[in-house]
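This is what each chain is made of:
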Amino acid sequence: MERFVVEGPVALRGSVEPGGSKNTALPLMCAALLAEGVSELRNVPDLRDTRTLIRVLDTLGAKCERDGSTLRIDAREVPVREAPYELVKTMRASITVLGPLLARFGEARVSMPGGCAWGPRPVDLHLEGLERLSACIDLDHGYIDAKWPKGSRLKGAEISFRISSVGATENVLMAAVLAEGKSVLRNSAREPDVTSLAEGLVGMGAKIEGIGTSTLTVEGVDALQPLNFEVPPDRIEVGTFLTAAPATGGEITVTNCIPDHQSALLEVFRSGGLDMEVGENYIRVDGRRPMNPVEVVTAPYPGFPTDMQAQVMAACARSAGVSTLTETIYLDRFTHVAELRRLGAKIRLDGNVAVVTGVEKLQGAPVMATDIRASSALVLAACAAQGVTTVSRIYHIDRGYERIEQRLAGLGARIVREEEPD
Ligand code: EPZ
């Protein structure tokens, strides 16, 4: 296994460009299964997660070919309709092959995803939504068996999601576009990942109204053309790099990004008294003065993204006062707290609220990554800490960030990747 060795304190400074969005690329890769043809997806990041999904698609018999950041997916033949446990357990987003396989072929067998470090992460909303479209769903030895109803295709229906779910919205939307008749998906997730998926589907010939709102209306069609789409910049990667400014006392500019995607994060930085400049497609954040205390409450988009909670906590660890971060999306997305404490952060957990008292200095220490965003928070804190920090199990960070140590080094970080000593 590999680890990062980080030497601090370093105030990160300079300009960086984001890669393509992981959480937009993954559902769009699944959407390619809907069309009998060769789809093309541009600006696809090269990550553990996108590589895992390429393996899933190859297992299904769809042929993937990467040419730089362009991915071509030949889904003319998809002879296998089973997504195996060995792959799904490594990345729960594989579950989003379920809707497309079912919609196009009338059958799909996908392993139930496991939980993750911070919660059970059920898929009941995915299955309930597909059943509303008349799918027959059985659970069989850890697998989801889904079929069309006897003698017909899926049928359009009214669906109201009990809670806003990105994956459930994506899976059910990709099934509804080939169902017979009209579907209305209420309380749909409004994350830009869902909006991009809907736009990609419309480009394939799907009929979808209300894109960007929480009510998506779909008129089913008989068949779709291959996908031809460019993945937008990764909004969580943009947020992570911007947060490096207050987290390390530096000044960061992120270019080629979509400022609208960052509104909730910039609101928090504004409330923390940080100077910022927001242009057409760039954002600069000046974190040279310690951030004032902030109050963060995670919420579905356009609220503050749960995927930015850990990174902003690392910034709060050095802020000038007492901040609170309330996690409302997941039961226990605080696995980074114990590790940040090892670096000297003063954090008290009170149910789903983390109370962070800023300290003057963090100290380097060995810490362990537990999930994608927790590991990026630890790396930011390690850059700020006095002395050497080792971050182990960095396969977590490689799931969601491409060559992160090279890009942080470009901002002045003293960070190397090495094999964990035995
Ligand atoms: C997506 O996961 C993202 N992953 C996650 O990012 C992100 O944290 C999450 O959305 C929330 O924004 C991808 O897009 C690949 P949800 P998803 O369904 O779709 C509950 C990262 O770091 N729920 O919106 O799985 C669920 O437990 C990852 O890139 C049900 O109860 O999230 C959670 O509490 C981590 N039943 C809430 O809904 C269901 O059937 C929101 O989850 C589905 C979800």
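The text that follows walks through the structure, step by step, so that each part is easy to find.

Calculation rules
Residues numbered from 1 in each chain as written. Predicted model: local features only at pLDDT ≥ 70, side-chain atom pairs only at ≥ 80, totals over all residues. Heavy atoms only, no water. Helix = DSSP H or I, 4+ residues; strand = E, 2+ residues; numbered from the N terminus. Rg over C-alpha atoms; globule rule 2.2 N^0.38 Å. Buried < 20%, exposed > 50% of the residue type's maximum accessible area, 1.4 Å probe, protein only. Contact = heavy atoms within 4.5 Å. Pairing = 2+ DSSP bridges. Salt bridge = Lys/Arg side-chain N within 4 Å of Asp/Glu carboxyl O. Phe/Tyr/Trp six-rings, centres within 6.5 Å; stacked < 30°, edge-to-face > 60°. Lys NZ or Arg CZ within 6 Å of the ring centre and 35° of its normal. Core = buried A, V, L, I, M, F, W, Y, C linked by side-chain atoms within 4.5 Å. Axes fitted to C-alpha atoms, helices over the stretch in contact; angles between N-to-C directions.

### Some remarks on the overall build of the chain
Moving on, step 1. Secondary structure assignment for the chain yields 14 helices and 24 strands.
Moving on, step 2. Taking 22 Å as the expected radius of gyration for a compact globule of 422 residues, we find that the chain reaches 22 Å, a close match to that expectation.
Moving on, step 3. For the chain, the spread of C-alpha atoms along the three principal axes comes to 70 × 45 × 40 Å.
Moving on, step 4. Of all 422 residues assigned to the chain, the portion counted as buried reaches 58%.

### Thoughts on the side chain of Ser165
Moving on, step 1. Considering the arrangement of structural elements, one finds Ser165 in the loop between strand E10 (158–160) and helix H6 (166–176).
Moving on, step 2. According to the relative accessible area criterion, Ser165 is buried, its value standing at 14%.
Moving on, step 3. With residues up to four places along the chain from it excluded, the contact list for Ser165 reads Leu125, His126 and Ala189.

### A look at the pairing of strand E13 (residues 215–219)
Moving on, step 1. With burial as the criterion, only one face of E13 is covered, namely that bearing Leu216 and Val218; the residues Thr215, Thr217 and Glu219 on the opposite face remain uncovered.
Moving on, step 2. Across five bridges, strand E11 (residues 182–186) lies against E13 in antiparallel orientation. Counted as the bridge partner of Arg186 is Thr215 from E13.
Moving on, step 3. Alignment of strand E12 (residues 207–209) against E13, held across three bridges, turns out to be antiparallel. Following the sheet pairing, Lys207 is matched in E13 by Glu219.
Moving on, step 4. Count of turn residues in the E12/E13 antiparallel hairpin: five residues, of which Gly210 carries a positive phi of about 85°.

### Section: the pattern of salt bridges
Moving on, step 1. If you walk through the whole model with that rule in mind, you get 27 salt bridges.
Moving on, step 2. A salt bridge links Arg284 to Glu277; the nearest nitrogen and oxygen atoms lie 3.4 Å apart.
Moving on, step 3. Residue class for Arg284 comes out partly exposed when judged on its relative accessible area of 22%.
Moving on, step 4. Among the salt bridges present, the one from Asp398 reaches Arg417, with a minimum N-O distance of 2.8 Å. Of this pair, Asp398 sits in helix H13 (residues 395–400) while Arg417 sits in strand E24 (residues 414–419), placing them 19 residues apart in sequence.
Moving on, step 5. You can call Asp398 buried: its relative accessible area is 15%.
Moving on, step 6. The structure contains a network of salt bridges with shared partners spanning Glu40, Arg42, Asp67, Arg72 and Glu230.

### Section: the packing of aromatic side chains
Moving on, step 1. Evaluated as defined, the whole model comprises zero aromatic pairs.
Moving on, step 2. Note that Arg81 overlies the ring of Phe105, its terminal NZ or CZ placed 4.0 Å from the centroid.

### Structural notes on the nonpolar core
Moving on, step 1. Core analysis: the biggest nonpolar cluster contains 74 residues, and Met29, Leu34, Val97, Leu173, Val177 and Leu201 have the highest contact counts within it.
Moving on, step 2. With sequence-adjacent residues up to four places away left out, Val177 is seen in contact with Leu34, Leu201, Ala206, Ile208, Val218, Glu219, Gly220, Val221 and Leu224.
Moving on, step 3. Among the nonpolar cores identified, the runner-up in size contains 68 residues, and Val254, Ala264, Phe334 and Leu408 belong to it.

### Structural notes on the sheet that holds E11
Moving on, step 1. On the basis of which strands lie adjacent, the open sheet formed by four strands has the order E10-E11-E13-E12 and mixed pairing. The sheet is open, and its two edges are formed by E10 and E12, each paired on a single side. Sheet twist, expressed as the average angle between the axes of neighbouring strands with direction ignored, equals 15°.

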